Amino acid sequence: SSDVCSSDLIDRILVFTNVNLKTREEVYQFVVKQEFPSDIENAKKLSRELVDREAQGNIQIAESIVLPHAECNYIQRSKLLLIKTQRSIDTWSSDIHDIKVVIVMLLKSDESRNVKMQFVDIMRQLGKDELIEQLLSEDDPELLLKLLS
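Reference entry: report on the structure contained in this document. As the structure is a computational prediction, the values presented were derived from the model and not from experiment. (Residues numbered from 1 in each chain as written. Predicted model: local features only at pLDDT ≥ 70, side-chain atom pairs only at ≥ 80, totals over all residues. Heavy atoms only, no water.)

1. Regarding the packing of aromatic side chains
Overall, the coordinates contain three aromatic pairs when judged by the stated rule. With a centroid separation of 5.0 Å and an interplanar angle of 85 degrees, the aromatic rings of phenylalanine 16 and phenylalanine 30 are classed as edge-to-face. Of the two residues, phenylalanine 16 sits in strand β1 (residues 13–19) while phenylalanine 30 sits in helix α2 (residues 24–35), which places them 14 residues apart along the sequence. Consider the rings of tyrosine 28 and tryptophan 92, whose centres lie 5.6 Å apart with planes at 85 degrees: the pair is edge-to-face. (Phe/Tyr/Trp six-rings, centres within 6.5 Å; stacked < 30°, edge-to-face > 60°. Helix = DSSP H or I, 4+ residues; strand = E, 2+ residues; numbered from the N terminus.)

Here is the structure:
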């Protein structure tokens, strides 16, 4: 992949470490605040979208890692938010427990094929145990960003 591609991808990945979030609701609130700091209407819409999407399929991709996502036309640009919580979230939902890493994928509905492919590629990487272990053990935001980009 060309440098242009990967540097563009780095702009789309936001890393947050040691965040004090204790529930799924708090995580989603945190996410929508990043995306819509002052737009309460769209923040609510996005929050609902994340919850609805989750109801459609299992978002747990590995032990201690969930990958919520939303696809909508009102976000500014597609991005990934990598969130590592201070302590693991004991109960994310009735069937998901002990979550330490949350990777939220926000995709613009009319996103270019190029960007969609980059995201799909990251999803594929997340199938690798080695990457999962690094995401769980690493706390340096710079290194975490490198792992995903």
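2. Focus: the nonpolar core
By size, the foremost hydrophobic cluster in this structure holds 27 residues, and its most contacted members are Val27, Leu46, Ile83, Trp92 and Leu106. When residues of this core are traced back to their parent elements, those giving at least two are β1, α2, α3 (40–56), β4 (69–72), β5 (79–93) and β6 (96–108). Counting 21 residues, the second largest nonpolar core, distinct from the first, contains Ile103, Met105, Leu126 and Leu135. (Core = buried A, V, L, I, M, F, W, Y, C linked by side-chain atoms within 4.5 Å. Buried < 20%, exposed > 50% of the residue type's maximum accessible area, 1.4 Å probe, protein only.)

3. Observations concerning the environment of asparagine 114
Examined against the element boundaries, asparagine 114 turns out to sit in helix α4 (residues 113–125). Given a relative accessible area of 45%, asparagine 114 falls into the partly exposed group. Spatially, the C-alpha atoms of asparagine 114 and glutamate 41 are 30 Å apart, while their sequence positions differ by 73 residues.

4. Regarding the pairing of β5
For β1 and β5, the ladder comprises five bridges, and the chain directions are parallel. What sits directly across from phenylalanine 16, in β5, is isoleucine 83. When β5 meets β6, the two strands line up antiparallel, connected through nine bridges. Residue pairing for β6: serine 93 is matched across the bridge by isoleucine 96. Connecting the antiparallel pair β5 and β6 is a turn made up of two residues. (Pairing = 2+ DSSP bridges.)

Honestly, it's all geometry; don't read function into it.
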